[in-house]
Amino acid sequence: MINERMFGLGDEPSAIRELFSYGLKRKAEIGADKVFDFSIGNPSVPAPEALKRAVLELMEEPPCALHGYTPASGDPAVKQVVADSIRRRFGIEATPGNIYMTAGAAAAIAISLSAVTKPGDEVIVPSPFFPEYGVWIETAGCTRIEVPTLVPSFQLDVEAIEAAITERTSAIIINSPNNPVGAVYTREVLERLADMLERKQVELGHQIFIVCDEPYREITYGCEVPYVPCLYANTIVCYSYSKSMSLPGERIGYVYVSDRMTNAHEVSLAVAGAGRALGYICAPVLMQRAIAKCIDEPSNVEAYRENRRLLTEGLSELGYEYVQPDGAFYLWVKAFEDDAQAFSDRAKRFELLLVPSDSFGVGGWVRISYCVAPEVITGAMPGFKALMESYRQE
Ligand code: PLP
């Protein structure tokens, strides 16, 4: 007998991965330069040279020690470096005891949700949202409560979030800079969210955690990304080096539980317990040690900035409507019909691979990942023109 839910999850790949696989097949059929694949968020800038040097240096170390298990929560020396970096960059207390190293943000979020919820609880997700949140929330035995963000800014709708809170609400997941819309939540909005949650906690008599998913923290085009634990004590940060250091396949990130939380010690132990229960112990050790050697290496966002310019100027000229992104490397574009899947299917006729918005919890839009070579963007413009004309002719 197998677990039907797990079978379902395995049998039905995510819309993003499905489109990505279709792209690989199509490229093999007609040539890679004829398919304009905007499906997946694989960084298009190489990992920093400093990371390569760090890995090469590490390979000279005694192999049994280098590749051996670390404590479940990570190498204490690495956690010290991560904690020092948090203190330096955000001016908030952090010690190794506040850090749990993970296999990317995916593991960090799954762990955090299991740590601070119990089956039957509700977890709020502002929509549109990263599709895997639903899977992790369900795995924790909780119910996902979707609350739309405000259009056209796609900032959090604090009043609507307040209205969605019940005695069963245990957490809200926020993601800024945001995938899929590219919005960066302003300090003013986050402060209002924090004030409202403080008030609701008193009213309900229990904690409401912010699970702050921030793999895109460093990928911004000039605006501030406030550090949420400085604004709201009950924040758990889920960080990843997948995008900032272009290491998505290496699976490295961490959970940070701040001591500003009154029960920080208990929450940290619950994080460790959830890591143990889910089998997320001892994050990939070579990468733990490599990132510690180049912890504050700046991200190279220039390529994404240029891609953003090429794409938004090209689409504006053609008359497409989109949300100007302040961060991450995604463009949220209005489809020409309410059925985003039908629009995405039609785009395929012009060899454009655009992710329909349905899997992000809303209809009528598509997501373009612009972490691609600039030639993919310029080469796609005739297809975007033809796609638009195909609707005008109707
Ligand atoms: N959260 C968001 C919003 C993402 O876009 C992604 C990956 O694309 C993840 C989490 C998972 O990131 P990781 O590769 O660090 O597991």
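Residues numbered from 1 in each chain as written. Predicted model: local features only at pLDDT ≥ 70, side-chain atom pairs only at ≥ 80, totals over all residues. Heavy atoms only, no water.

1. Regarding helix α6 (residues 104-116)
So, point 1. The first and last C-alpha atoms of α6 sit 19 Å apart over 13 residues, in line with the 18 Å expected at 1.5 Å per residue.
So, point 2. Of all 13 residues making up α6, 11 are buried, and the element is well covered by its neighbours.
So, point 3. Regarding α6, the residues found buried are Gly104, Ala105, Ala107, Ala108, Ile109, Ala110, Ile111, Ser112, Leu113, Ala115 and Val116. (Helix = DSSP H or I, 4+ residues; strand = E, 2+ residues; numbered from the N terminus. Expected span 1.5 Å × (residues − 1). Buried < 20%, exposed > 50% of the residue type's maximum accessible area, 1.4 Å probe, protein only.)

2. A closer look at the nonpolar core
So, point 1. One finds Phe38, Leu354 and Phe384 to be the most contacted residues of the largest nonpolar core, which totals 34 residues.
So, point 2. Secondary-structure elements contributing two or more residues to this core are α12 (302-318), β10 (330-334), α13 (340-349), β13 (365-369) and α14 (374-392).
So, point 3. Both domains that furnish three or more residues to this core are identified here as domain 1 (4-47 + 299-392) and domain 2 (49-293).
So, point 4. If we ignore the near neighbours within four places in the chain, the residues touching Phe384 are Phe38, Leu315, Leu318, Tyr320, Leu352, Leu354 and Ile368.
So, point 5. Residues Ala54, Ile92, Met101 and Cys294 belong to the second largest nonpolar core, which totals 31 residues. (Core = buried A, V, L, I, M, F, W, Y, C linked by side-chain atoms within 4.5 Å. Domains from an automatic or database assignment. Contact = heavy atoms within 4.5 Å.)

3. Some words on the domain arrangement of the protein chain
So, point 1. Domain annotation of the protein chain identifies domain 1 (4-47 + 299-392) and domain 2 (49-293).
So, point 2. Taken over C-alpha atoms, the centre of domain 1 sits 27 Å from the centre of domain 2.
So, point 3. Listed as interface residues are 30 residues of domain 1 and, on the opposing side, 33 residues of domain 2.
So, point 4. Carbon and sulfur atoms supply 61% of the area that domain 1 and domain 2 bury against each other, a total of about 2,500 Å² over both sides.
So, point 5. On inspection of domain 1 and its partner domain 2, the count reaches one salt bridge.
So, point 6. The residue Arg5 makes a salt bridge to Glu138 at a minimum N-O spacing of 2.7 Å.
So, point 7. At the junction of domain 1 and domain 2, the tally comes to 15 residue pairs in polar contact (both at pLDDT 80 or more).
So, point 8. Going through the elements one at a time, α1 (4-11), α12, β10 and β13 are the ones with two or more residues in the side of domain 1 that touches domain 2. (Buried area = accessible area lost by both parts, 1.4 Å probe. Salt bridge = Lys/Arg side-chain N within 4 Å of Asp/Glu carboxyl O. Polar contact = N/O pair within 3.5 Å; in protein donor to acceptor, adjacent residues only side chain to side chain.)

4. Structural notes on the site of the ligand
So, point 1. Neighbouring residues of the ligand: 14 residues in total, closest Ala105, Asp213, Tyr216, Ser240 and Arg251.
So, point 2. Tyr216 places a side-chain nitrogen or oxygen 2.7 Å from an oxygen atom of the ligand.
So, point 3. Alone, the ligand offers 400 Å² of accessible surface; in the complex the protein occludes 91% of this.
So, point 4. The leading source of residues in the shell around the ligand is α6, at three residues.
So, point 5. For the shell around the ligand, the residue count by class is six nonpolar, five polar and three charged. (Near = heavy atom within 4 Å. Areas by Shrake-Rupley, 256 points an atom, 1.4 Å probe, with all protein chains shown as cover. Nonpolar A, V, L, I, M, F, W, Y, C, P; charged D, E, K, R; others polar.)

5. Comments concerning the packing of aromatic side chains
So, point 1. Considering all chains together, one arrives at 21 aromatic pairs under this definition.
So, point 2. Between the aromatic rings of Tyr216 and Phe329, the centroid separation amounts to 5.5 Å while the plane-to-plane angle is 90°, which identifies the pairing as edge-to-face. Of this pair, Tyr216 sits in the loop between β6 (209-213) and β7 (235-240) while Phe329 sits in the loop between β9 (322-323) and β10; the two residues are 113 residues apart in sequence, bridging distant segments of the chain.
So, point 3. Classification of Tyr216 as buried rests on a relative accessible area of 4%.
So, point 4. Judged by relative accessible area, Phe329 falls into the buried class, the value being 0%.
So, point 5. Pairwise contacts between aromatic rings join Phe38, Tyr320, Phe336, Phe343, Phe384 and Tyr391 into one cluster.
So, point 6. Here the basic side chain of Arg346 rests over the ring of Tyr391, its NZ or CZ set 3.8 Å away from the ring centre.
So, point 7. Above the ring of Tyr22, the side-chain terminus of Lys348 is found at 4.3 Å from the ring centroid. (Phe/Tyr/Trp six-rings, centres within 6.5 Å; stacked < 30°, edge-to-face > 60°. Lys NZ or Arg CZ within 6 Å of the ring centre and 35° of its normal.)

6. Topic: the sheet that holds strand β3 (residues 122-127)
So, point 1. Spatial ordering of the open sheet is given by β2-β8-β7-β6-β5-β3-β4, a layout of seven strands whose pairing is mixed. Looking along the sheet, the strands with just one partner apiece sit at the ends: β2 (99-102) and β4 (143-148). Here the average twist between neighbouring strands, direction ignored, is 20°.
So, point 2. Pairing of β3 with β4 involves six bridges; the strand directions are parallel. Paired with Val125 across the bridge in β4 is Glu146.
So, point 3. Seen against the sheet, helix α10 (residues 264-278) touches β2, β6, β7 and β8 (253-257) and runs at an angle of roughly 150° to β8. (Pairing = 2+ DSSP bridges. Axes fitted to C-alpha atoms, helices over the stretch in contact; angles between N-to-C directions.)

7. Focus: empty space enclosed by the protein
So, point 1. This structure, assessed with the given rule, holds two cavities of 30 Å³ or more.
So, point 2. When its volume is computed, the largest cavity comes out at roughly 60 Å³.
So, point 3. Looking at the largest cavity, the residues that line it are Pro126, Pro128, Phe129, Phe130, Tyr133, Ile173, Ile174, Asn175, Asn178, Asn179 and Tyr185.
So, point 4. The biggest single contributor to the lining of the largest cavity is strand β5 (residues 169-175), with three residues.
So, point 5. Taken together, the residues of the lining of the largest cavity sort by class into eight nonpolar, three polar and no charged.
So, point 6. Estimated volume of the second largest cavity: approximately 40 Å³.
So, point 7. Ile174, Ser176, Tyr185, Leu190, Cys212, Glu214, Arg217, Val225, Pro226 and Val228 are the residues that line the second largest cavity.
So, point 8. Class assignment for the residues of the lining of the second largest cavity results in seven nonpolar, one polar and two charged. (1 Å grid on protein atoms, 1.4 Å probe; cavity = no way out; pocket = protein on both sides within 12 Å on 5 of 7 lines; lining within 4 Å. Points joined across faces, edges and corners; volume = space filled by probe spheres on them.)

8. Quick word on the pattern of salt bridges
So, point 1. If you walk through the whole model with that rule in mind, you get 23 salt bridges.
So, point 2. Among the salt bridges present, the one from Arg87 reaches Asp84, with a minimum N-O distance of 2.8 Å. Within this pair, Arg87 and its partner Asp84 are both found in helix α5 (residues 76-90), separated by three residues, close to a single helical turn.
So, point 3. Classification of Asp84 as partly exposed rests on a relative accessible area of 23%.
So, point 4. Note that Glu188 and Arg192 form a salt bridge whose closest N and O atoms lie 2.7 Å from each other.

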